[in-house]
Amino acid sequence: MAVALVVENDEDIRHLVSISASKAGLDPVATGSGEQAMSLIGDGLTPDVVVVDVRMPGLSGLDVVRAMRAHRHLEGTPVVMLTAMARPEDRQDGLDAGADEYILKPFSPRALTTVLRDLVARATPTTT
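Values in this document were obtained by computation on a predicted structure and should not be read as measured data.

1. As for the overall build of the protein chain
And step 1. Per the secondary structure count, the protein chain includes five helices and five strands.
And step 2. Reading the helices (α) and strands (β) of the protein chain from amino to carboxyl end gives β-α-β-α-β-α-β-α-β-α.
And step 3. Computed over the C-alpha atoms, the radius of gyration of the protein chain is 13 Å, within 12% of the 14 Å expected from 2.2 N^0.38 for a compact globule of 128 residues.
And step 4. Along the three orthogonal principal directions, the C-alpha set of the protein chain runs to about 40 × 30 × 25 Å.
And step 5. With 128 residues in all, the protein chain has 45% of them scored as buried.

Here it is in structure tokens:
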């Protein structure tokens, strides 16, 4: 089963995103900080998609995405930034860091489920 790494410091939102990932057919691995996410990756976790908040104590979501993109085996992993930072320059910062999607809070769990399903389907090579 494909794995979704959920990086969100708010426990309720982390739970809601995990439910959306499950409904998209993904196995959610949830963590509350950027440091914990990078530790999981360092321990060998290779997620199929990542959902990350931008504003977190310590390592920000932007830092997490930049660090992921520096790992060759993760450079093509789809990333969704889920954030309340709504200024156009915030969105551009997220995309410049390497995010594939930038979704604003509050968000629709159903829409997030669709985005996750689509990103994983696009990233997964098909056999013919």
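2. Describing unusual backbone geometry
And step 1. Look at the link from Lys 105 to Pro 106: it is a cis peptide, with omega at -5°.
And step 2. In this structure, Pro 106 sits in the loop between β5 (101–104) and α5 (109–123).

3. Quick look at helix α1 (residues 11–23)
And step 1. Under the 1.5 Å per step criterion, the end-to-end length of α1 is 18 Å for 13 residues, consistent within 8% with the ideal 18 Å.
And step 2. For α1, the set of buried residues is Arg 14, Val 17, Ser 18, Ser 20 and Ala 21. Projected down its long axis, α1 carries its buried residues within an arc of 160°, all on one side. For α1, exposure combined with an orientation more than 90 degrees from the buried face picks out Asp 12, His 15 and Lys 23.
And step 3. Looking at the packing, one finds that the buried side of α1 touches β1 (3–7), β2 (27–31), β3 (49–52), β4 (79–83) and α5.

4. Brief notes about the side chain of Ser 33
And step 1. Looking at the secondary structure, you find Ser 33 in the loop between β2 and α2 (34–42).
And step 2. For Ser 33, the contacting residues outside a window of four places in its chain are Val 7 and Met 56.

5. Some remarks on the packing of α1 against α5
And step 1. Orientation of α1 relative to α5, taken along the N-to-C sense of each, is 50°, at an axis distance of 8 Å. Relative to α5, the element α1 is oriented oblique. Relative to α5, α1 is oriented so that their crossing is right-handed. For the pair α1 and α5, contact is made by Leu 16, Val 17, Ser 20, Ala 21 and Lys 23 and by Pro 109, Leu 112, Thr 113, Leu 116 and Arg 117, respectively.
And step 2. Split by residue class, the contact of α1 with α5 holds six nonpolar, two polar and two charged.

6. Focus: the pairing of β1
And step 1. For β1, the tally of buried residues reaches five of five residues, placing the bulk of the element in the interior.
And step 2. Side chains Val 3, Leu 5 and Val 7 of β1 all project onto a buried face; the interleaved residues Ala 4 and Val 6 project onto the opposite face, where all are buried too.
And step 3. Taken together, β1, α1 and β2 constitute a β-α-β crossover, and its handedness is right-handed.
And step 4. Pairing of β1 with β3 involves four bridges; the strand directions are parallel. Paired with Ala 4 across the bridge in β3 is Val 49.

What counts and how
Residues numbered from 1 in each chain as written. Predicted model: local features only at pLDDT ≥ 70, side-chain atom pairs only at ≥ 80, totals over all residues. Heavy atoms only, no water. Helix = DSSP H or I, 4+ residues; strand = E, 2+ residues; numbered from the N terminus. Rg over C-alpha atoms; globule rule 2.2 N^0.38 Å. Buried < 20%, exposed > 50% of the residue type's maximum accessible area, 1.4 Å probe, protein only. Expected span 1.5 Å × (residues − 1). Arc of directions from axis to C-beta. Contact = heavy atoms within 4.5 Å. Axes fitted to C-alpha atoms, helices over the stretch in contact; angles between N-to-C directions. Parallel < 35°, antiparallel > 145°, perpendicular 65-115°, else oblique. Left-handed = near helix turned anticlockwise from the far one by under 90°. Nonpolar A, V, L, I, M, F, W, Y, C, P; charged D, E, K, R; others polar. Right-handed = clockwise from strand over helix to strand, strands pointing away. Pairing = 2+ DSSP bridges.

Just geometry here; none of it tells us what the structure is for.
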